[in-house]
Amino acid sequence: MAELVVVRHGQAAFGQENYDQLSDVGFEQARLAGDILRQTGWVPDRLVSGTLERQRDTLSAMKFDGSAEEHAGFNEYDFVDLLRAKYHGNVPELVKGDRKVHFRTLRETVFEWQDDQLDDPYETWGQFETRVAEALKFATDTDARRVLVVSSGGVIGQLVASTMQAPKRMMMEVNLQIKNASITRFVFSKGRVFVTGMNATPHLDHPDTQHLMTYS
């Protein structure tokens, strides 16, 4: 069977006006993720990312040879817009800036989104499900034997939940656990996809690199 490795982008700019950029820590996480894959003999023969800057830059920092393809289906859901929809355009400052409050509120908001309870979101939950499924098909409908994708936590959560045929709530529960630059593995053959490993960070588990472990 062929292998699909999905890496979450490195740490981005939480709390800043432009979230869609890697921090210095994010670039280092990405570099180390590429290093650990090479050290274990896993070198991709196809490179794919979403179209977001933090995803592109993560893939570039991993320093694999070859041209990268892009698919917008691997882009993260727009959490800023979902919160805007929940609060009708007036998101409390505490939700924007306090990490614990932000992610607790985001979890509740995504559950409301899944149940079609938000007013006029930028995309429906059904549209998100569809585009992630289309992105997975794009990545695995190939003769390549090792495919590397750089995506985001929510998409990875949905890939894991849908592949395992788990309840839709599991997408967000997985999303909140996905570490920056973590490695989630699948195998695929003839249209079938299976999860073989999730949220691994061997490149950050060493005492010398543990300070680089982040979730947002």
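The preceding data block contains the structure.
The paragraphs below set out a description of the structure included in this document. (Residues numbered from 1 in each chain as written. Predicted model: local features only at pLDDT ≥ 70, side-chain atom pairs only at ≥ 80, totals over all residues. Heavy atoms only, no water.)

1. What about the overall build of the protein chain?
Under the convention used in this document: Runs of H or I in DSSP of at least four residues are treated as helices and runs of E of at least two as strands, each being numbered from the N terminus. Radius of gyration here uses only the C-alpha atoms, and the compact-globule reference equals 2.2 Å multiplied by the residue count raised to the power 0.38. Relative accessibility thresholds used throughout: buried, under 20% of the residue-type maximum; exposed, over 50%; partly exposed, between the two (1.4 Å probe, protein chains only).
Summing up its helical and strand segments, the protein chain has eight helices and six strands in all. Seen in sequence order, the protein chain has helices and strands lined up from the N terminus as β-α-β-α-β-α-α-α-α-β-α-α-β-β. Rg of the C-alpha trace for the protein chain: 17 Å, near the compact-globule value of 17 Å for 216 residues, within the 12% margin. With respect to the three principal axes, the spread of C-alpha positions in the protein chain is 50 × 40 × 25 Å. Scored against the burial criterion, the 216 residues of the protein chain give a buried share of 52%.

2. Here we look at the sheet that holds strand β1 (residues 2–8)
Note the following rule: Here, strands pair whenever DSSP counts at least two bridges between them. Whenever a helix is involved, its axis is fitted only over the stretch in contact; in every case the axis is a line through C-alpha atoms, and angles between N-to-C directions fall within 0 to 180 degrees. Here, two residues are considered to be in contact whenever any of their heavy atoms come within 4.5 Å of each other.
The strand order across the open sheet built from six strands is β3-β2-β4-β1-β5-β6, with neighbouring strands paired in mixed fashion. The sheet terminates laterally at β3 (68–70) and β6 (192–200), the two strands that pair on one side only. Within the sheet, the average angular offset between the axes of one strand and its neighbour, ignoring direction, is 25°. Direction of pairing for β1 relative to strand β5 (residues 183–189): antiparallel, over a ladder of six bridges. In the strand pairing of β5, valine 6 is matched with threonine 184. The strands touched by helix α2 (residues 53–62) within the sheet are β1, β2 (46–49), β3 and β4 (146–151), with β4 carrying the most contacts at an inclination of about 135°.

3. A few points about the pattern of salt bridges
So the rule is basically this: Salt bridges are counted wherever a side-chain nitrogen of Lys or Arg sits within 4 Å of a carboxyl oxygen of Asp or Glu.
For the structure on display, the rule yields 14 salt bridges. Through salt bridges with shared partners, a single network forms among Glu28, Arg31, Asp35 and Arg38.

4. Section: the packing of helix α6 (residues 125–140) against helix α7 (residues 153–163)
We apply this condition: When an angle is under 35 degrees it counts as roughly parallel; over 145 it counts as roughly antiparallel; between 65 and 115 it counts as roughly perpendicular; any other value is oblique.
Closest axis-to-axis distance for the α6/α7 pair is 10 Å, and the angle between their directions is 80°. As summarised for this structure, α6 and α7 are arranged roughly perpendicular, according to the angle between their axes. Residues Trp125, Phe128, Glu129, Val132 and Leu136 of α6 pack against Gly154, Val155, Gln158, Leu159 and Thr163 of α7.

5. Quick look at unusual backbone geometry
Of note in this structure, aspartate 116 is not a glycine but carries a positive phi near 55°. Structurally, the position occupied by aspartate 116 is in the loop between α5 (99–114) and α6.

6. As for the nonpolar core
Test applied: Here, nonpolar core refers to any group of buried Ala, Val, Leu, Ile, Met, Phe, Trp, Tyr and Cys residues whose side-chain atoms link them within 4.5 Å.
In terms of nonpolar packing, the biggest core is built from 37 residues, with Leu4 and Tyr77 touching the most fellow members. For this core, the element with the highest residue contribution is α6, accounting for six residues. Leaving out residues up to four positions away in the same chain, leucine 4 has contacts with Leu136, Ala139, Thr140, Val147, Val149, Thr184, Arg185, Phe186 and Phe188. Counting 16 residues, the second largest nonpolar core, distinct from the first, contains Val5, Ala30, Leu47 and Phe64.

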